[in-house]
Amino acid sequence: MTSSKNVVQVFGRKKTSIATAIIKGPGHGLIRVNGAPLDLLQPDLLRIKVFEPLLLVGEDKFSDIDIRIRVKGGGKVSQLLAIRQAIAKGLLRYLEKFVSEAKKIEIRTIFLNHDRSLLVKDSRNIEPKKAGGKGARSRYQKSYR
């Protein structure tokens, strides 16, 4: 059962969504999210955001690797953005480990010039609720009589 596949695992995060990407090479260029092809992601308008790493680098870089992504938590939009980040980080990690450092640096600069959130988690999170109000900042109404 020994196979000569190169395998890399990375995570993409947005709010409470976590996408785990497993990149295997050499492969056939398959990209699947929770067992379904990337083309079936919903909503349609935000599917373009998931394809950004593929379009920036060129489909030829993805033709010989397979990407399997599992995503859970959060809402639809944050899941799509977590998938997008996992694909971009996974490609960089794969290039660094199995191809060359020079290609990794070249693609990394392309990603950073386009959108920093392709590689770095957005640090904004929900502020926790506090006592004395119904939310994080709002307070209960004050009455003097």
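That block above? That's the structure.
If you're wondering where the values come from, they're calculated on a predicted model, not measured in any experiment.

Parameters and conventions
Residues numbered from 1 in each chain as written. Predicted model: local features only at pLDDT ≥ 70, side-chain atom pairs only at ≥ 80, totals over all residues. Heavy atoms only, no water. Helix = DSSP H or I, 4+ residues; strand = E, 2+ residues; numbered from the N terminus. Axes fitted to C-alpha atoms, helices over the stretch in contact; angles between N-to-C directions. Parallel < 35°, antiparallel > 145°, perpendicular 65-115°, else oblique. Left-handed = near helix turned anticlockwise from the far one by under 90°. Contact = heavy atoms within 4.5 Å. Nonpolar A, V, L, I, M, F, W, Y, C, P; charged D, E, K, R; others polar. Buried < 20%, exposed > 50% of the residue type's maximum accessible area, 1.4 Å probe, protein only. Polar contact = N/O pair within 3.5 Å; in protein donor to acceptor, adjacent residues only side chain to side chain. 1 Å grid on protein atoms, 1.4 Å probe; cavity = no way out; pocket = protein on both sides within 12 Å on 5 of 7 lines; lining within 4 Å. Points joined across faces, edges and corners; volume = space filled by probe spheres on them. Salt bridge = Lys/Arg side-chain N within 4 Å of Asp/Glu carboxyl O.

(A) Expanded view of unusual backbone geometry. The step from Gly-25 to Pro-26 runs through a cis peptide bond, and the omega angle for that step is -5°. Mapped onto the elements, Pro-26 comes out in the loop between strand 2 (17–25) and strand 3 (31–33). A cis amide bond, omega -5°, links Gln-42 with the succeeding residue Pro-43. Looking at the element boundaries, Pro-43 is found in the loop between strand 4 (36–37) and helix 1 (44–57).

(B) Representation of the packing of helix 1 against helix 3 (residues 101–114) in the model. The contact between helix 1 and helix 3 brings their axes to 10 Å, and the two run at 130°. With respect to helix 3, the axis of helix 1 lies oblique. The crossing of helix 1 and helix 3 is right-handed. Contacts between helix 1 and helix 3 involve Glu-52, Pro-53, Leu-56 and Val-57 from the former and Ile-107, Ile-110, Phe-111 and His-114 from the latter. Among the residues making up the contact of helix 1 with helix 3, the classes are represented as 6 nonpolar, 1 polar and 1 charged.

(C) Broad picture of the side chain of Lys-14. Inspection of the secondary structure puts Lys-14 in strand 1 (residues 6–14). On the accessibility criterion, Lys-14 (16% relative accessible area) is buried. A distance of 2.9 Å separates polar atoms of two side chains, one belonging to Lys-14 and the other to Asp-122. Filtering out sequence-adjacent residues up to four positions away, Lys-14 remains in contact with Ser-78, Leu-81, Ala-82, Asp-122 and Arg-124.

(D) Inspection of the layout of surface pockets at higher detail. Volume-wise, the largest pocket comes out at about 220 Å³. Listing elements by their share of the lining of the largest pocket, those giving two or more residues are strand 3 and helix 1. Here the residues of the lining of the largest pocket are counted per class, giving 7 nonpolar, 2 polar and 3 charged.

(E) Structural context of the pattern of salt bridges. In this structure the tally under the stated criterion is 9 salt bridges. Close ionic contact of Lys-14 with Asp-122 constitutes a salt bridge, the shortest N to O distance being 2.9 Å. Of this pair, Lys-14 sits in strand 1 while Asp-122 sits in the segment after helix 3, and the two are 108 residues apart along the sequence. What makes Asp-122 partly exposed here is its relative accessible area of 21%. As a salt-bridge pair, Arg-84 and Asp-115 come within 2.7 Å of each other at their nearest N and O atoms. Of this pair, Arg-84 sits in helix 2 (residues 76–99) while Asp-115 sits in the segment after helix 3, placing them 31 residues apart in sequence. Overall, the relative accessible area of 3% leaves Arg-84 in the buried class. Looking at Asp-115, the relative accessible area reads 22%, which means it is partly exposed.

(F) View of the environment of Lys-130. In this structure, Lys-130 sits in the segment after helix 3. Among the residues examined, Lys-130 registers a relative accessible area of 35% and is labelled partly exposed. Ignoring anything within four residues of it in the chain, the contact list for Lys-130 reads Gly-135, Ala-136 and Arg-139. At 2.7 Å, the side chain of Lys-130 forms a polar contact with the side chain of Glu-127. Looking at Lys-130, its side chain comes within polar contact range of the main-chain oxygen of Pro-128, at 3.4 Å.

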